[in-house]
Structures are given as structure tokens and as C-alpha cells.
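Architecture at a glance
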Amino acid sequence: MSFLDNLENNLKALENLEERDPEKVKRDQDRREAERNAALLRAPYADALKNSPFTSELLTQCRTIGHAQRVLVQFTWLGENLRLDAKAKRMELAPTAQGITAVLSLNGEETGRLIVDPQADDAAALAKRWLLQE
């Protein structure tokens, strides 16, 4: 048996020992369970963000206001998050366990954070707040 074969066998043995470590397995299971529970809590808000009339109205209002200001408003879906960019302004809508959070920023600095309710809030008011801020 050569030195490299011996080294490879030793590394495989260490990897197998680490995989069978009960504490590591328990930590991994707990982490996966926590991620799953968080995703289940976010799910109704993520669905509302993707499929609600509020979102399509928000996009329409942002494009309309942006057009009046001669600014292109770009939107991008990043997983469950919706990001809107207009020059130096950015708004990111992210579903959380508490609802949909809108983070407003200007030149990379956060200018506001609010909880958005697609059933009750006005999309036009949110678009104006974001695009007409200075």
C-alpha cells in the first residue's frame, strides 16, 4: 500500500467518523427543522406577495410614477423577495413570519422599513412614498 492510498483511507475514515457523530447529526436535524418551520411561517406571505393584486398594482404604479419622472423602474424576483430599483432608490419586499417587510433605501442606505399588508394597504401610496422620497 502506497503512502497516498494510506492517506486517502485515513481521510475517508475521518469523514465517516464525522458523519456518524451524533451531536453533529442532531445539530443538522435541528437546523433543518428550524429552517422548515420558518419557511412554513413565511409561506402564506410569500404566496400573497407573488400572487396578490396588490403586487401587480404596486408594479403598475411604480412604472407609472417612474415614467413621469423619466426613471426606469426595474423589478427582480430573488427567490421569495421582490426587489424594485429606480436609479439610486431601492425597495425590497420580503416575506417574514410577521408579514411582508418593505425595506426602502437610497444610495445603499436604509431610509425606512415598514410592514405591508396586501389585503389592506394601498399600493399607490407605497409607490409614491418610495419613489417621491428625497
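Look a little higher up for the structure.
These lines cover the structure that appears in this document, whether it is placed above or below. (Residues numbered from 1 in each chain as written. Predicted model: local features only at pLDDT ≥ 70, side-chain atom pairs only at ≥ 80, totals over all residues. Heavy atoms only, no water.)

1. Looking at the pattern of salt bridges
Applying the stated criterion across every chain, the model contains seven salt bridges. Taking the shortest distance from any N to any O, the salt bridge between Lys12 and Glu8 comes out at 3.7 Å. Residue Lys12 and its partner Glu8 are located together in helix α1 (residues 3-19), separated by four residues, close to a single helical turn. Assessed through its relative accessible area of 44%, Lys12 is described here as partly exposed. Residues Glu110 and Arg113 are paired through a salt bridge, measuring 3.0 Å at the closest nitrogen-oxygen approach. Overall, the relative accessible area of 53% leaves Arg113 in the exposed class. (Salt bridge = Lys/Arg side-chain N within 4 Å of Asp/Glu carboxyl O. Helix = DSSP H or I, 4+ residues; strand = E, 2+ residues; numbered from the N terminus. Buried < 20%, exposed > 50% of the residue type's maximum accessible area, 1.4 Å probe, protein only.)

2. Some thoughts on helix α4 (residues 123-131)
Where α4 is concerned, the buried positions are Ala123, Ala124, Leu126, Ala127, Trp130 and Leu131. All buried residues of α4 lie within an arc of 160° about the axis, which places them on one face of the element. Here the buried face of α4 lies against α3 (53-68), β2 (81-86), β3 (89-96), β4 (99-106) and β5 (109-116). The N-capping residue of α4, defined by a side-chain oxygen 3.4 Å from the backbone nitrogen of Ala124, is Asp122. (Arc of directions from axis to C-beta. Contact = heavy atoms within 4.5 Å. Polar contact = N/O pair within 3.5 Å; in protein donor to acceptor, adjacent residues only side chain to side chain.)

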